[in-house]
Amino acid sequence: QKEVEQNSGPLSVPEGAIASLNCTYSDRGSQSFFWYRQYSGKSPELIMFIYSNGDKEDGRFTAQLNKASQYVSLLIRDSQPSDSATYLCAVIKTDSNYQLIWGAGTKLIIKP
Amino acid sequence: EAGVTQFPSHSVIEKGQTVTLRCDPISGHDNLYWYRRVMGKEIKFLLHFVKESKQDESGMPNNRFLAERTGGTYSTLKVQPAELEDSGVYFCASSHGGEQFFGPGTRLTVL
């Protein structure tokens with residue numbers, strides 16, 4: 001079992017709709033969760049982090065965390081073609097405060 | 001403010017050769033990390049420097065990989081001798097203790 005799992009996609013969403021990206025993790029002790037966006041050939045860019053159960057909103061982005069289910073998601077409202085990218089879920093390794101454990105990423109395509 | 005830079009952007013070498021990758025972190029960032037993404041796989045942690053000291057090198061695959069950070073500024077990652085399975089994208093990141101900022105990566109191809 002992978003430590004962090006994501007559906008590789010591609011996930012195709014019409015422009016203006018809500019894109020929902022999901023991630024599960026295996027280490028129940030994990031405390032810190034991150035969503036990175038990566039455009040093709042570019043570096044990963046942090047867009048959201050979440051530490052507590054529940055929702056965290058930042059503009060069009062909402063991160064949702066459910067530690068009991070070991071599940072973290074990212075919602076993108078009013079999806080734009082510029083949101084088309086690969087979204088990477090990452091978790092800080094237990095007993096570390098810096099080592100990121102990554103999912104393989106979900107490719108998101110927003111169709112105009 | 002300049003971001004994390006990496007050089008070269010691409011490198012194509014033959015099996016058995018040596019390659020050195022360079023990372024220049026954001027000025028003032030004491031923490032420097034190396035990660036690698038092999039094609040089709042997830043990004044994997046390689047090691048972490050705090051200033052010039054190796055804090056954690058638990059992710060280094062084997063002794064063919066050597067990372068240095070002389071003077072606590074830029075870092076190099078040398079692969080000697082390179083093997084086919086070393087092909088992938090090598091990312092460097094730096095931080096001041098919080099968010100890790102990533103460089104554009106070096107795509108290494110070993111033929």
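Since we're looking at a predicted model, the values are computed, not measured. Every chain is numbered on its own, with residues counted from 1 as its sequence reads. Chains and ligands are labelled by the order in which they are written, letters from A for the one and numbers from 1 for the other. Only residues with pLDDT of at least 70 get local features here, since the model is predicted, and only at 80 or more are side-chain atom pairs given and counted; chain-wide, interface and lining totals rely on the full set of residues. Note: side-chain values were computed over all heavy atoms of the structure, leaving out hydrogens and water.

> So what exactly am I meant to see when it comes to the overall build of chain B here?
Secondary structure counts use DSSP, requiring at least four H or I residues in a row for a helix and at least two E residues in a row for a strand, with both numbered from the N terminus. Regarding its fold elements, chain B presents 0 helices and 11 strands. Element order for chain B, N to C, with α for helix and β for strand: β-β-β-β-β-β-β-β-β-β-β. Relative to a compact globule of 111 residues, whose C-alpha radius of gyration would be 13 Å, chain B shows 13 Å and is just as compact. Dimensions of chain B, computed from C-alpha atoms along their principal axes, come out at roughly 35 × 25 × 25 Å. Looking at the 111 residues of chain B, the share that counts as buried comes to 48%. Relative to all contacts within chain B whose residues are 6 or more apart in sequence, the contacts with residues 24 or more apart total 51%. The sign given to each residue is positive for Lys and Arg and negative for Asp and Glu; His and the chain ends receive no count. Note on charges: their place is set at NZ of Lys, CZ of Arg, CG of Asp or CD of Glu. If you average the places of the 12 positive and of the 13 negative side-chain charges in chain B, the two averages end up 4 Å apart. The size measure is the radius of gyration over C-alpha atoms, and the globule rule it meets is 2.2 Å times the number of residues to the 0.38 power. Each residue's exposure class comes from its accessible area (1.4 Å probe, protein chains only) as a fraction of the maximum for that residue type: buried when under 20%, exposed when over 50%, partly exposed otherwise. Working rule for contacts: check all heavy atoms of both residues, and any pair within 4.5 Å makes them a contact.

> Could you clarify how one ought to interpret the interface of chain A and chain B in this entry?
One widely used convention gives an interface's size as the accessible area the parts lose upon coming together. Listed as interface residues are 15 residues of chain A and, on the opposing side, 15 residues of chain B. For the chain A and chain B pair, buried surface summed over both sides reaches about 1,400 Å², with 54% attributable to carbon and sulfur atoms. Its largest share of buried area at the contact with chain B, chain A owes to Tyr98, Gln99 and Trp102 of chain A, together 40% of the area lost on that side. Whenever a carboxyl oxygen of Asp or Glu lies within 4 Å of a side-chain nitrogen of Lys or Arg, that contact is scored as a salt bridge. At the boundary of chain A with chain B, the tally comes to 0 salt bridges. The term polar contact refers here to a pair of N or O atoms within 3.5 Å; inside protein, the definition further demands a hydrogen-donor-capable atom paired with an acceptor-capable atom, and it admits residues adjacent in sequence only when both atoms are side-chain atoms. At the junction of chain A with chain B, the criterion picks out 5 residue pairs in polar contact (both at pLDDT 80 or more). Breaking the side of chain A that touches chain B down by element, the ones donating at least two residues are β4 (33–38) and β10 (100–102) of chain A. Note on definitions: buried area is the accessible-area loss of two parts on being combined, 1.4 Å probe, summed for both.

> Help me understand the sheet that holds strand β7 (residues 61–66) of chain A in this model?
Strand pairing requires that DSSP identify at least two bridges connecting the strands. Read from one edge of the open sheet, 5 strands run β1-β3-β8-β7-β6 (chain A), paired in antiparallel fashion. Single-partner strands in this sheet number two, and they are β1 (4–5) and β6 (54–58) of chain A.

> Before we go on, may I ask you to explain the environment of Gln80 of chain B in this structure?
All names here are of chain B. Among the structural elements, Gln80 can be located in the loop between β8 (75–79) and β9 (88–95). The exposure class assigned to Gln80 is partly exposed, which follows from its relative accessible area of 44%. Excluding its chain neighbours within four sequence positions, the residues that come into contact with Gln80 are Thr18 and Arg64. Separated by 3.4 Å, the side chains of Gln80 and Thr18 make a polar contact.

> Teacher, can you tell me more about the sheet that holds strand β7 (residues 65–68) of chain B here?
Backbone-to-backbone hydrogen bonds join strands into a sheet, with any given pair of strands oriented parallel or antiparallel. Residue and element names in this part refer to chain B. Strand order across the open sheet formed by 4 strands is β1-β3-β8-β7, with antiparallel pairing between neighbours. Edge strands, defined here as strands with exactly one partner in the open sheet, are β1 (5–7) and β7. Averaged over neighbouring strand pairs, the angle between their axes works out to 15° when direction is ignored. The sheet contact formed by β7 and β8 spans 4 bridges and is antiparallel. Each residue of the ladder has a partner; that of Leu66, found in β8, is Lys78. Think of each axis as a best-fit line through the C-alpha atoms, taken over the contacting stretch in the case of a helix, with angles from 0 to 180 degrees between the N-to-C directions.

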